[in-house]
Amino acid sequence: MSDWLPVKSSNVAAVRADPDRAELHVRFKDGSMYTYYSVPAGLADDLLASDSPGRFIRENMNVYQYKRMG
């Protein structure tokens with residue numbers, strides 16, 4: 001699993017990918033954390049390269065199962 005990578009965003013604090021488990025972990029600035037499952041490799045890179053990580057999550061991550069972790 002990768003380390004947490006800080007994100008330049010008004011809502012998202014950091015992301016962490018676990019390609020072995022096909023998971024993407026997202027930590028928001030409000031302290032909540034989510035794990036998204038069955039995420040394709042490279043999606044974390046797309047999120048990090050986006051102009052708006054929060055919008056990227058809203059528009060692209062709703063097709064993946066997820067669980068609020070905190």
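To be clear, the structure that these remarks concern was listed above.
Attention in this report is confined to the structure presented alongside it. This one's a predicted model, so the numbers in the text were calculated from it and none came from an experiment.

Spatial strand order, β1-β2-β3-β4-β5: 5 strands in an open sheet with antiparallel pairing. Of all strands in the sheet, those bounded by a partner on one side alone are β1 (5-6) and β5 (66-68). Pairing of strand β3 (residues 23-28) with strand β4 (residues 33-36) involves 4 bridges; the strand directions are antiparallel. When the sheet's bridge partners are listed, histidine 25 is paired in β4 with threonine 35.

Before going further, it helps to spend a moment on unusual backbone geometry. Even without being a glycine, alanine 22 presents a positive backbone phi close to 55 degrees. Relative to the helices and strands, alanine 22 resides in the loop between β2 (12-18) and β3. Using a relative accessible area of 24% as the deciding quantity, one classes alanine 22 as partly exposed. Here serine 38, not a glycine, exhibits a phi torsion of approximately 55 degrees, which is positive. Note that serine 38 resides in the loop between β4 and α1 (43-49).

Regular strands place their side chains on alternate faces of the sheet. Where β3 folds back on β4, the antiparallel hairpin that results is connected by 4 residues, among which glycine 31 adopts a positive phi of roughly 100 degrees. With 3 bridges joining them, β4 and β5 adopt antiparallel strand pairing. Directly across from tyrosine 34, in β5, lies its bridge partner arginine 68.

What counts, and at which threshold
Residues numbered from 1 in each chain as written. Predicted model: local features only at pLDDT ≥ 70, side-chain atom pairs only at ≥ 80, totals over all residues. Heavy atoms only, no water. Pairing = 2+ DSSP bridges. Helix = DSSP H or I, 4+ residues; strand = E, 2+ residues; numbered from the N terminus. Buried < 20%, exposed > 50% of the residue type's maximum accessible area, 1.4 Å probe, protein only.

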